[in-house]
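Each chain, letter by letter, is given below.
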Amino acid sequence: MALAGPPGGASWTWRPVARDALLARAFHSCTELRGRFYLVGGLRAGGATEPSGDTVVFDPAAGQAVQMGARGGPRRSHHDAVPAGGRWLCVVGGWDGARRLATVAALDTERGVWEAWSAAPGSCPPAGLSSHTCTRISDRELRVAGREGGTRTQRRYGSIYTLRLDPGARTYCYKEEGCHTASRSGHCAALLRTPGPHPAHQLLLFGGCNSAEPEVAGHWSPGKIKEEPPAAPHLTEQLARLVSTGQGSQQGPRGLRHHSCSVVGPFAVLFGGETLTRARDTICNDLYVYDTRKPPSTWFHFPCADHALKRVGHRTCLWNDQLYLVGGFGEDGRTPSPQVCTLDLFI
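Residues numbered from 1 in each chain as written. Predicted model: local features only at pLDDT ≥ 70, side-chain atom pairs only at ≥ 80, totals over all residues. Heavy atoms only, no water.

For clarity, the cut-off: UniProt positions are given in the numbering used here, feature names are shortened, and annotations may be inferred rather than shown by experiment.
As recorded in an unreviewed UniProt entry, the protein chain goes by the name Kelch domain-containing protein 9, listed as coming from Zalophus californianus. Taken directly from UniProt, the Subunit (unreviewed entry) text for the protein chain runs: "Interacts with CCNA1."

Here is the structure:
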């Protein structure tokens, strides 16, 4: 197991904790709900155009994966998924093998049944979504950001939508916000507190275009947002010690897409992805930490020499004070990883 980091300084790696062919996929969703990771869809091989329609449940405590028998699962890749009501897993948008969708399919995890929810009257959905982000603002309100439409119809800017869910009625409703972002695809989103004695929240978008600048896709005044990321006191402390060994920068990664992002306390942790800044060797294995503890927020870059850790189209999930890496294509951009790993920091 190769460690990344300067000689004599802090180092890090992804440590394998489980391996199962059921997990081998990329451009899937991986969502924690009640201590289980729900993997939906994705591509099972590089060059595949037909997404998988299966759902796999990974138990991180036991290190075991099982395929759900739930029928009617959505065939999707390049989608996003969020939990709702502590019970439903809502899959939003994505590519179904023929077109980009903006529909919502929901897995009732108590009954083990997929449901196709319907658009409520007055819903104004996007033209179609893929490689977008979908972030929980509250249990019934999501913020969707990304470029909509296909390659021929997409706009020159990114759209922002509020998506309201009504699990009781099995409906959803899109409302386009008045603000726009840069045209982004394959970006990530992080809902982070602003520093200071009266912390507000802002939704930041990273990557998915040539710019290295994060972009605000929503701002909420103090007290408006009750959502809290999972508590991870040990990992937060470790990340604080890691960045104390690094050299901070105001400039983030330029031209990164299809990377992963997880919020850990005041930090956004980005890993891997594909760079738009070079023509060869485009799959990355770099770790970036965005530190919001004091203004201005600062980037820390921790490179890696281990080519086996290169990933694109993967996901990270925070659970039980550990950050998990699930799936993704490796260095060749074609072979999906069957591994689950956890982030190990050595400081």
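Resuming the write-up.
## A word on the overall build of the protein chain
Let me state the cut-off plainly: Each helix is a run of H or I in the DSSP string that is no shorter than four residues. Each strand is a run of E no shorter than two, and both are numbered from the N terminus. Both definitions apply: the radius of gyration is a C-alpha atom measure, and the globule rule equals 2.2 Å times residues to the power 0.38. In what follows, a contact means two residues having at least one pair of non-hydrogen atoms within 4.5 Å. Here the open area of atoms and residues is found with the Shrake-Rupley method and a 1.4 Å probe, where only the protein chains shown may cover a residue.
A count of helices and strands for the protein chain gives one helix and 26 strands. Against the 2.2 N^0.38 benchmark of 20 Å for 347 residues, the protein chain shows a C-alpha radius of gyration of 19 Å, consistent with a compact globule. Projecting the C-alpha coordinates of the protein chain onto the three principal axes gives extents of approximately 60 × 45 × 40 Å. Considering only contacts within the protein chain whose residues lie at least 6 apart along the sequence, 56% involve residues at least 24 apart. Taken as a whole, the protein chain presents about 14700 Å² of accessible surface, with 49% of it coming from carbon and sulfur.

## Some thoughts on the sheet that holds strand S8 (residues 100-108)
To be explicit about the condition: Should DSSP find at least two bridges between two strands, the strands are taken to pair. Note on geometry: axes are C-alpha line fits, over the in-contact stretch for helices, and angles between N-to-C directions span 0 to 180 degrees.
Spatially, the four strands line up as an open sheet ordered S6-S7-S8-S9, and their pairing is antiparallel. With partners counted over all chains shown, the strands left at the sheet margins are strand S6 (80-84) and strand S9 (113-116), one partner each. For this sheet the average axis-to-axis angle between neighbouring strands, irrespective of direction, equals 25°. Bridge analysis of S6 against strand S7 (residues 88-95) gives five bridges, and the strand direction is antiparallel. Each residue of the ladder has a partner; that of Val 82, found in S7, is Cys 90.

## Some thoughts on the sheet that holds strand S17 (residues 215-220)
If you walk across this open sheet you meet the three strands as S15-S16-S17, and the pairing is antiparallel. Every interior strand has two partners, whereas the edge strands, strand S15 (188-193) and S17, have only one. Geometrically, the sheet is characterised by an average inter-axis angle of 20° between neighbouring strands, direction not taken into account. With five bridges joining them, strand S16 (residues 201-206) and S17 adopt antiparallel strand pairing. For Leu 205, the partnering residue across the bridge sits in S17 and is Glu 215.

## Here's the deal with unusual backbone geometry
A cis amide bond links Pro 295 with the next residue in sequence, Pro 296, at an omega value of -10°. Within the fold, Pro 296 resides in the loop between strand S22 (287-291) and strand S23 (298-302). The backbone phi angle of Arg 34 is positive, close to 55°, even though this residue is not glycine. For Arg 34, the position within the fold is in the loop between strand S2 (29-33) and strand S3 (36-40). Backbone geometry places Asp 321, a non-glycine residue, at a positive phi of 65°.

## Concerning the side chain of Ser 77
On the secondary structure map, Ser 77 appears in the loop between strand S5 (64-67) and S6. For Ser 77, the contacting residues outside a window of four places in its chain are Phe 27, Gly 42, Leu 43, Pro 51, Gly 94 and Trp 95.

## Concerning the nonpolar core
Short version of the rule: We call a set of buried residues a nonpolar core when its members are Ala, Val, Leu, Ile, Met, Phe, Trp, Tyr or Cys and they connect through side-chain atoms within 4.5 Å of each other. The buried label goes to any residue with under 20% of its type's maximum accessible area, the exposed label to any with over 50%, and the partly exposed label to all in between, with areas taken from a 1.4 Å probe on protein chains only.
By size, the foremost hydrophobic cluster in this structure holds 24 residues, and its most contacted members are Trp 12, Trp 14, Leu 235, Leu 239 and Phe 302. Those elements giving two or more residues to this core turn out to be strand S1 (11-19), helix H1 (233-244), strand S20 (267-271), S22, S23, strand S25 (322-326) and strand S26 (339-346). Beyond its immediate sequence surroundings of up to four residues, Leu 235 is in contact with Val 264, Leu 318, Asp 321, Gln 322, Leu 323 and Leu 345. With 18 residues, the next largest nonpolar core counts Ala 84, Val 104, Leu 129 and Tyr 172 among its residues.

## Thoughts on the pattern of salt bridges
Short version of the rule: Salt bridges are counted wherever a side-chain nitrogen of Lys or Arg sits within 4 Å of a carboxyl oxygen of Asp or Glu.
Overall, the coordinates contain 21 salt bridges when judged by the stated rule. A salt bridge links Arg 315 to Asp 80; the nearest nitrogen and oxygen atoms lie 3.5 Å apart. With a gap of 235 residues between them, Arg 315 in strand S24 (residues 315-319) and Asp 80 in strand S6 connect regions that are remote in the sequence. Two residues, Asp 108 and Arg 111, come together in a salt bridge whose shortest N-O distance is 3.5 Å. Of the residues examined, Arg 111 reaches a relative accessible area of 48% and is grouped as partly exposed. Within the structure, one salt-bridge network assembled from shared partners comprises Arg 34, Arg 87, Asp 108, Glu 110, Arg 111, Glu 115 and Arg 170.

## Concerning the side chain of Arg 311
We apply this condition: Only four residue types enter the tally: Lys and Arg on the positive side, Asp and Glu on the negative side, with His and both chain ends excluded. Throughout this description, a polar contact denotes any pair of N or O atoms lying within 3.5 Å of each other; where both atoms belong to protein, one of them has to be capable of donating a hydrogen while the other can accept it, and for residues adjacent in sequence the pair is counted only when both atoms sit in side chains.
Along the polypeptide, Arg 311 turns up in the loop between S23 and S24. For the buried Arg 311, no salt bridge exists, and the shortest N-O distance to an oppositely charged side chain is 8.3 Å, to Asp 306. A polar side-chain atom of Arg 311 sits 3.0 Å from the main-chain carbonyl oxygen of Ala 308. Discounting chain neighbours no more than four positions away, the residues touching Arg 311 are Phe 271, Gly 272, Gly 273, Ile 283, Cys 284, Leu 325, Gly 327, Gly 328, Phe 329, Ser 337 and Gln 339.

## Comments concerning the pairing of S24
Of all five residues that make up S24, four are buried, and the element is covered over most of its length. Bridge count for S24 against S25 is five bridges, and the pairing is antiparallel. Paired with Trp 319 across the strands is Gln 322, a residue of S25. Where S24 folds back onto S25 in an antiparallel hairpin, the turn is made up of two residues, including Asn 320, whose phi is positive at roughly 55°.

## Considerations on the pairing of strand S12 (residues 141-146)
Counting buried positions over the six residues of S12 gives six, a clear majority of the element. Here S12 shows two buried faces, one formed by Glu 141, Arg 143 and Ala 145 and the other by Leu 142, Val 144 and Gly 146. Across four bridges, strand S11 (residues 133-136) lies against S12 in antiparallel orientation. By the bridge assignment, Thr 133 is partnered in S12 with Ala 145. Turn length for the S11-S12 hairpin, with the two strands adjacent in sequence and antiparallel, is four residues.

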